[in-house]
Amino acid sequence: MSSSNDYKKTVDAAIANPKLSKALHLFGDSYLIARENAYKGLDFEEMRNELSDMKDEVRINRKQLLAEFVKNAEAAGSTVFLAKDTKEANDYVIRLAKDKGATLIAKSKSMVSEEAHFNKAVAAHGIRAAETDLGEWIVQLAGQRPSHMVMPAIHMFKEEVAELFSKESGEPISPEINTLVNHARTRLRKEYFDADIGLTGANFLVANTGGIGLVTNEGNARLCATLPKVHVVFASIHKLVRNMEDAIKITRLLPRNATGQLLTSYVTWIKGCVPTDGEQKEQHIILIDGGREALYESKTCQDALKCIQCGACANVCPVFQTVGGHVFGSIYISAIGVILTAFYEGLDKAKDITRACIGCRSCVAVCPSKIDLEEIILHLKSEVTKEYGMGVIKNVAFKAIMKNRGLFHSMVRAASKLQLPVTHKNRVPGQQRIIRHLPLHFMEKDFTEWRDLPAIAAKSFRDQFDNIPQTLFNPDYRVGFFVGCGGDFVYPEVGVALIKVLNSLNVEVVFPKGQSCCGIPALYSGDTATGIDLAKQSVEALSEEDLDYILCICPTCTMGVKRDFVDRLADHPQWAAKARALAEKTMDASAFLENILGASNKLDCVAPGESVTYHDSCHLKRGSDVWKEPRALLNSIGHEVVEMKNSDRCCGFGGTYSFLGQPQISKQITADKVDTIKTTGVKTVAMDCPGCMIMLKGAVGKADDSIRCVHTIELLAEAIDKKKKQN
Amino acid sequence: MTEKYLEKFTTTAKRVGAVVLQLDSLQDAANYISSTTQGLTLVPETPLARRHSLRSLLQDAGVDVFDGNFREAGHFPAGGVTFCNFCMADSGTVVLESTDEDIRLATTLPEVHFIIVDPAKILVDNLAAVAPMTTMHEGSDPLFVAYITGPSRTADVERVLTIGCHGPRELHILLVNNISNDLMEN
């Protein structure tokens, strides 16, 4: 249906209209504050672990729980219909409506009805479905689909809403929010009274009662379930919970995580056929599979069904904030939308949005069901690549070159010579040469239009290591250094600085030369085979000697070793144990310095009280939970850390994402980061990731070359140097 | 049951936009309702309403208590008055078993919902509601239970919080002692 070219056009259109993006940013910021307040005094981690376990139980026992629900619901008078797909569900309602002579259905929010294209399906039979949720009604009038699960019309502005309402009612309605809400209140009240059938979704299907639970704010679901004499519940099977207790526990997470509310205005529990106008109501519960059983059976993706549909993954997603839910999603949007689209609508429909995920893991950090969305999307990326390929450039780069370590490294060496004609002196004296314009006419967009690119270092770290003297007689630790491509070929000075810092604390650094790229660029592009190959090369090299720890200066490499090496090699018997042992002792350099060495109490050197702002790298904070450590280290050498707004928001790099994948989205995300850095007024930005350095040095450099971007380890080494000079 | 959660409940309920008042008697509640609302008021006959003669108390105080089928009181009756089963202090929520359709109509249609709460019925938090909720759900009789937290709201237009979307625009919680401490009745 949608080709990749169409997708690119929608991205360009979204970026050309910054009004929406601005609104989504404002919303994202206020959401974070509201959410934090809502969880005060509660242990989010504990709560989400519990929810995740609950949902595992449901998955394992779903057949029994479903049977229990049906039995209890029928005992309370409900008619239950199991629909294998959305078409069966639609057909059931159409038949029911015809039996009753019904022509109007008052409908409250049901996401699975969006999946079913319910309104269109019933309209074909002369039945009108009236959306009563304000956002859904707006979207219905506009002939669109929701762009957010909780706030369907988040992409629209009051003037547009006023225009829709005026057109529908035939009278002018002014674009004031109160007026608009009042109009909907009056106009839609009639629908509940006139409707023959009321249709609601369900947030919970409670197995041991046979009842449903509805979590809402506006009050429309209560009216839909009360006024019409027939109540249809349109729900998907993964809403099952074991009992009231589980459902109530979810009500503690859902509103807090969705909107920062302690509880929504209404939570409504309905069991069976309650009285209506002197008789018994007729209640039909339609339980829809629609691809969920297949998703439950997918070992790598099944956790997606733990979703309680709070929408938080969108609220914090830098890609969603940049392009909105109509671009980054389908029926379901943002991270969870990527996964559900692949399963419910097919991989073809999902391929572009799968690649649009930048992998920053901000969704993982806020998910109330503890779904590792990023990891599932990573698996899908590999499926997309298997099915559709990853493009010529990546094919050559990953398969032909990177798999072969010797070839890869000699090509980089050659490139460091060949690039000279396009490199320039850095605007900042003494800093590495940069590339301001690339003569790559075959590329769609000039990579360097909005940022400088770093040149490949004249001499890689691996070519410098042997010449760095380390004179320690009885070191406390011997650590292996997993340098990573950025540290090896772009910023070898960070590795040199690391040796200086560690030596000063009596730690010897070993550099196993057989190591290669961590493979994450290949994995993120869906090339699992190359990922496995590279994992083996580095596991072999880093396990050769008996080392106390393995340190990285790139958090993506750390995640590569700790998560991906273990995952990718789990089914390779001769590798699995080695990979696990390696993962156990691998960490980021600043985590080692602070947590193992206690360096902030030992670094006997003080910088001259400079202000530094700190950028949290996605994979450092959300991959390794390291964020206090670099701040403690910077403070200990006399720097004052001035916090920037949203310090842990992605810088827009995302590896190949910013070059080959989605450079236009990347550019916008980076622009946000540059703005927040400039707002601090601080002239030094510290970070712990060469990827972020590539992005920010380039973009900040183009925006304001008086701001310096630097690795934390380099600042530590500078402080040591200063101290030496003083003595 | 104690009244120790009263303060917390009052704070959280006010924070979500409810009006919370402590009154000395049902008579005072009736007078307050009479002075606050004008127009048709839906007062469902529940066990507590009967026991405390709520309808006549309100009528005598001058409230226009609607007599007849609640579905015929118009699309927007002025008020609705109910008791409650219990409350939850942590979120400022009132819980009302509403299987009787009149209770549902009296709490969804009106512009203002007055709810009379005995402070003895306030539970510490929504986890403490698991037990009474489980008890209510025992057996296979049809059941409708409403958690109500503040007035109806929406943020669907430009994410701006707006009160009074499809449910009552105002929620007035009237705290009166010695009504009932039985969580199963309202």
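Nothing here was measured: the structure is a model prediction, and the numbers come from that model. (Residues numbered from 1 in each chain as written. Chains lettered and ligands numbered in written order. Predicted model: local features only at pLDDT ≥ 70, side-chain atom pairs only at ≥ 80, totals over all residues. Heavy atoms only, no water.)

> Hey, could you go over the overall build of chain B for me, with residue numbers and the actual values?
Helix and strand counts for chain B come out as six helices and twelve strands. In terms of overall size, chain B behaves like a compact globule, its C-alpha atoms giving a radius of gyration of 16 Å where 186 residues would be expected to give roughly 16 Å. Of all 186 residues assigned to chain B, the portion counted as buried reaches 62%. The contacts in chain B between residues at least 6 apart in sequence include a share of 78% that link residues at least 24 apart. Accessible surface computed for chain B: about 6,700 Å², of which carbon and sulfur atoms make up 47%. (Helix = DSSP H or I, 4+ residues; strand = E, 2+ residues; numbered from the N terminus. Rg over C-alpha atoms; globule rule 2.2 N^0.38 Å. Buried < 20%, exposed > 50% of the residue type's maximum accessible area, 1.4 Å probe, protein only. Contact = heavy atoms within 4.5 Å. Areas by Shrake-Rupley, 256 points an atom, 1.4 Å probe, with all protein chains shown as cover.)

> For the pattern of salt bridges, give the residues involved together with the corresponding values.
One pass over the full model with this rule turns up 54 salt bridges over all chains. Residue Asp-90 of chain B is joined to Arg-252 of chain A by a salt bridge in which the shortest nitrogen-to-oxygen separation is 3.7 Å. Residue Asp-90 of chain B is located in the loop between β5 (86-88) and β6 (93-97), and its partner Arg-252 of chain A is located in helix α12 (residues 244-259); the two belong to separate chains. Judged by relative accessible area, which is 14%, Asp-90 of chain B ranks as buried. A salt bridge links Asp-466 of chain A to Lys-513 of chain A; the nearest nitrogen and oxygen atoms lie 2.8 Å apart. Of this pair, Asp-466 of chain A sits in the loop between α22 (461-464) and β16 (477-482) while Lys-513 of chain A sits in the loop between β17 (507-510) and α25 (520-524), and the two are 47 residues apart along the sequence. Bridged by salt links that share partners, the residues Arg-361, Asp-372, Glu-374, Arg-563, Asp-564 and Arg-568 of chain A form one connected network. (Salt bridge = Lys/Arg side-chain N within 4 Å of Asp/Glu carboxyl O.)

> So what's going on with the environment of Ala-221 of chain A? Which residues, and what values?
Residues and elements named next belong to chain A. By the secondary structure assignment, Ala-221 is in helix α11 (residues 220-226). It is 5.2 Å that separates the C-alpha atoms of Ala-221 and Ser-108, two residues lying 113 residues apart in sequence. Those residues in contact with Ala-221 that lie beyond four places of it in its chain are Ser-108, Thr-200, Leu-214 and Thr-216.

> Kindly report on the packing of helix α8 (residues 134-142) of chain A against helix α9 (residues 158-169) of chain A, identifying the contributing residues and their values.
Residue and element names in this part refer to chain A. Relative orientation of the contacting elements α8 and α9 amounts to 70°, with a least axis distance of 10 Å. Classed by the angle they form, the pair α8 and α9 counts as roughly perpendicular. For the pair α8 and α9, the contacting residues are Leu-134, Trp-137, Ile-138, Leu-141 and Ala-142 in the first and Val-161, Leu-164, Phe-165 and Glu-168 in the second. Grouping the amino acids of the contact of α8 with α9 by side-chain chemistry returns eight nonpolar, no polar and one charged. (Axes fitted to C-alpha atoms, helices over the stretch in contact; angles between N-to-C directions. Parallel < 35°, antiparallel > 145°, perpendicular 65-115°, else oblique. Nonpolar A, V, L, I, M, F, W, Y, C, P; charged D, E, K, R; others polar.)

> Give me the lowdown on the environment of Ala-18 of chain B, citing residues and values where you can.
Looking at the secondary structure, you find Ala-18 of chain B in the loop between α1 (6-15) and β1 (19-22). Each C-alpha atom of the pair Ala-18 of chain B and Thr-149 of chain B lies 7.9 Å from the other, and the pair is 131 residues apart in sequence.

> Before we move on, can you summarise the pairing of strand β22 (residues 684-687) of chain A with the specific residues and values?
All names here are of chain A. Every second residue of β22 is oriented toward a common face, with Thr-684 and Ala-686 on one face and Val-685 and Met-687 on the other, all of them buried. Across two bridges, strand β20 (residues 611-614) lies against β22 in parallel orientation. Paired with Tyr-614 across the bridge in β22 is Ala-686. Pairing between β22 and strand β23 (residues 708-711): four bridges, direction parallel. Following the sheet pairing, Ala-686 is matched in β23 by Val-710. For the crossover that starts at β22, traverses helix α33 (residues 690-703) and ends in the parallel β23, the hand is right-handed. (Pairing = 2+ DSSP bridges. Right-handed = clockwise from strand over helix to strand, strands pointing away.)

> An account of the domain arrangement of chain A is needed here, citing residue identities and associated values.
Residues and elements named next belong to chain A. Along its sequence, chain A is organised into domain 1 (4-10 + 292-388), domain 2 (62-288) and domain 3 (600-726). Placing a centre on the C-alpha atoms of domain 1 and another on those of domain 2 gives a separation of 24 Å. Opposite the 25 residues of domain 1 that make contact, domain 2 presents 26 residues. Of the roughly 2,400 Å² buried between domain 1 and domain 2 on both sides combined, carbon and sulfur atoms contribute 58%. (Domains from an automatic or database assignment. Buried area = accessible area lost by both parts, 1.4 Å probe.)

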